[in-house]
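The residues making up each chain are set out below.
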Amino acid sequence: MQWQTPICLLSGHTGFAEELGNIPFFPATSIGAIVLKATTLEPREGHPAERVCETPLGLMNAVGLENPGVEAVIENKLASLPNLSISKQNPDIQWIVNVAGFTVHEYAMVIERIEKSPYQSYVSAYEINISCPNVKKGGAVFGHDEVLAAEVISECRKKTTKPLIIKLSPNQTDIANMAEVCINNGADILSAINTVAAMHIDTHRQKTYLSAGRGGLSGRAVLPIALLNVYLIWQVANSYNIPIIGQGGISNGDDAISMLLAGASAIGIGSALARDIRVSKKIIKSIEKYCQTHGFSHYSEITGKLSL
Ligand SMILES: Cc1cc2nc3c(=O)[nH]c(=O)nc-3n(C[C@H](O)[C@H](O)[C@H](O)COP(=O)(O)O)c2cc1C
């Protein structure tokens, strides 16, 4: 990963990054990459409200992949990436398109449309969100089924030479095996974890807080789950030299260092931005201090240094 720093902002947390550069003192130079909001072939309105709620230790969401569809994303979002104020503050930020779909064809077409657009060079990589249900296979989640995952990755692979980042779901029995399937079918990088399936209930209304009934849990509560999953993936990914973008519940420097120790090469931040939009700078400082204290000359030397 050719990023200026090991920090990336995660999909769904900063939209298409249009507002970021207007936030006073936003630490733009602490960001290595930004993953844009999910893009699907057709526009999607997403689920009705409520789509996001707080839990005692994190956020829950069931946004339903709201986005204007790939054509509008190309014309109205990707086209203006170099002109965003955040890009002026840090022209080295790498832009990653998060791709979602409900059939294999949809995933592949999103990439094809972007690759054929005049703005394809603004995109450094595609992150494939395989946590979507396949409508043609009775709603089976792509990322929970080896055959479906292999199919979607190999079709995406045919559409681009840019790095493919495959985002893995923790809601499956053997994430390490799935990581290997992804690598064998064309993944260049893995990212983990996506949100954890969960439910939150409003006892007064006797209803779930989210309109969709269930949703994905992110934020502090999921950090220990994320660490174990990244550690399990690392056992496989390391032998193929495939880097991992570790994410899930990271909200300070110590969390980030834990993630590197578990096997991540880069750190994703999402829910923590809601509490502290400038947290990335603090994390970078903590990592630098940790390197000095523990005799590492570069943060990359921390990756996988966990001993059991
Ligand atoms: C409101 C919201 C929207 C999200 N949208 C997406 C999305 O469009 N695509 C995706 O792959 N992940 C999406 N995610 C998952 C995040 O990218 C990230 O994997 C997750 O929040 C875990 O990291 P965190 O604990 O640091 O927030 C979303 C999460 C939240 C809370």
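These figures come from a predicted structure and were not determined experimentally.

Parameters and conventions
Residues numbered from 1 in each chain as written. Predicted model: local features only at pLDDT ≥ 70, side-chain atom pairs only at ≥ 80, totals over all residues. Heavy atoms only, no water. Pairing = 2+ DSSP bridges. Helix = DSSP H or I, 4+ residues; strand = E, 2+ residues; numbered from the N terminus. Axes fitted to C-alpha atoms, helices over the stretch in contact; angles between N-to-C directions. Expected span 1.5 Å × (residues − 1). Buried < 20%, exposed > 50% of the residue type's maximum accessible area, 1.4 Å probe, protein only. Contact = heavy atoms within 4.5 Å. Polar contact = N/O pair within 3.5 Å; in protein donor to acceptor, adjacent residues only side chain to side chain. Near = heavy atom within 4 Å. Areas by Shrake-Rupley, 256 points an atom, 1.4 Å probe, with all protein chains shown as cover. Nonpolar A, V, L, I, M, F, W, Y, C, P; charged D, E, K, R; others polar. Phe/Tyr/Trp six-rings, centres within 6.5 Å; stacked < 30°, edge-to-face > 60°. Parallel < 35°, antiparallel > 145°, perpendicular 65-115°, else oblique. Left-handed = near helix turned anticlockwise from the far one by under 90°. Core = buried A, V, L, I, M, F, W, Y, C linked by side-chain atoms within 4.5 Å.

A. Local environment of the sheet that holds strand β11 (residues 196-198). With respect to topology, 4 strands assemble into an open sheet ordered β3-β4-β14-β11, the strand pairing being antiparallel. Each of the sheet's edge strands pairs with one partner strand only, and the pair in question is β3 (52-55) and β11. Taken over all neighbouring pairs, the strand axes of this sheet differ in orientation by 35° on average, direction set aside.

B. Seen up close, the sheet that holds strand β15 (residues 244-246). As summarised here, the arrangement of the 8 strands in space is β1-β2-β5-β6-β9-β10-β15-β16, forming a closed barrel in which the pairing is parallel. Sheet twist, expressed as the mean angle between neighbouring strand axes with direction ignored, is 25°. In this structure, strand β9 (residues 164-167) lies alongside strand β10 (residues 189-192), joined through 3 bridges in parallel fashion. Within the sheet, the bridge partner assigned to Lys167 lies in β10 and is Ser191.

C. Local environment of helix α4 (residues 146-157). Under the 1.5 Å per step criterion, the end-to-end length of α4 is 16 Å for 12 residues, consistent within 8% with the ideal 16 Å. Listing the buried residues of α4 in full gives Leu148, Ala149, Ala150, Val152, Ile153 and Cys156. If you follow the buried residues of α4, they end up packed against α3 (104-115), β6 (123-129), β7 (133-134), β8 (140-141), β9 and α5 (175-184). Where α4 starts, the residue carrying a side-chain oxygen 2.9 Å from the main-chain nitrogen of Val147 turns out to be Asp145.

D. Layout of the site of the ligand. In the neighbourhood of the ligand, 21 residues make up the surrounding shell, with Ser11, Lys37, Gly219, Gly249 and Ser271 lying closest. His13 places a side-chain nitrogen or oxygen 2.9 Å from an oxygen atom of the ligand. The contact in question runs from an oxygen atom of the ligand to an N or O atom on the side chain of Lys167, over 2.8 Å. Relative to its unbound accessible surface of 610 Å², the ligand loses 95% to contact with the protein. Here the shell around the ligand is built from residues that sort into 4 nonpolar, 15 polar and 2 charged.

E. Representation of the packing of aromatic side chains. Following the criterion strictly, the structure yields 3 aromatic pairs and no others. Between Tyr290 and Phe296, the ring centres sit 6.2 Å apart and the planes meet at 15°, which makes this aromatic pair stacked.

F. How the structure looks around the packing of helix α1 (residues 70-77) against α3. Packing of α1 against α3 leaves a shortest axis separation of 10 Å and a crossing angle of 30°. Taken together, the axes of α1 and α3 lie roughly parallel to each other. The handedness of the crossing between α1 and α3 comes out as right-handed. Contacts from Val70, Glu71 and Ile74 of α1 reach α3 at Val110, Arg113 and Ile114. Within the contact of α1 with α3, the residues separate by chemical class into 4 nonpolar, no polar and 2 charged.

G. Quick peek at the nonpolar core. Of all hydrophobic cores here, the largest spans 97 residues; its most connected members are Leu78, Ile128, Ile166, Leu168 and Leu190. Discounting residues that sit within four places of it in the chain, Ile128 has contacts with Val99, Tyr107, Ile111, Cys156, Leu164, Ile165, Ile166 and Lys167. Within the second largest apolar cluster, 11 residues are counted, among which are Cys8, Ile96, Ile189 and Ile245.

H. Expanded view of the side chain of Asn129. Along the chain, the position of Asn129 falls in strand β6. One polar contact links Asn129 to Asn194, side chain to side chain, over a distance of 3.3 Å. Those residues in contact with Asn129, other than ones at most four positions away along the chain, are Leu65, Asn98, Val99, Tyr107, Lys167 and Asn194.

I. How the structure looks around the pairing of strand β14 (residues 215-218). The sheet contact formed by strand β4 (residues 58-61) and β14 spans 3 bridges and is antiparallel. Across the sheet, the residue bridging to Leu59 is Ser218, located in β14.

J. Broad picture of the packing of α4 against α5. At their nearest, the axes of α4 and α5 sit 9 Å apart, and the two run at 30° to each other. Between α4 and α5, the angle falls in the class roughly parallel. By crossing handedness, the relation of α4 to α5 is classed as right-handed. Mapping the contact onto sequence places Glu146, Ala149, Ala150 and Ile153 in α4 and Asn177, Met178, Val181 and Cys182 in α5.

K. Just the environment of Gly32, in detail. By secondary structure assignment, the location of Gly32 is in the loop between β1 (7-9) and β2 (33-35). You can call Gly32 buried: its relative accessible area is 0%. Those residues in contact with Gly32, other than ones at most four positions away along the chain, are Trp3, Gln4, Thr5, Ile7, Asp92, Ile93 and Gln94.

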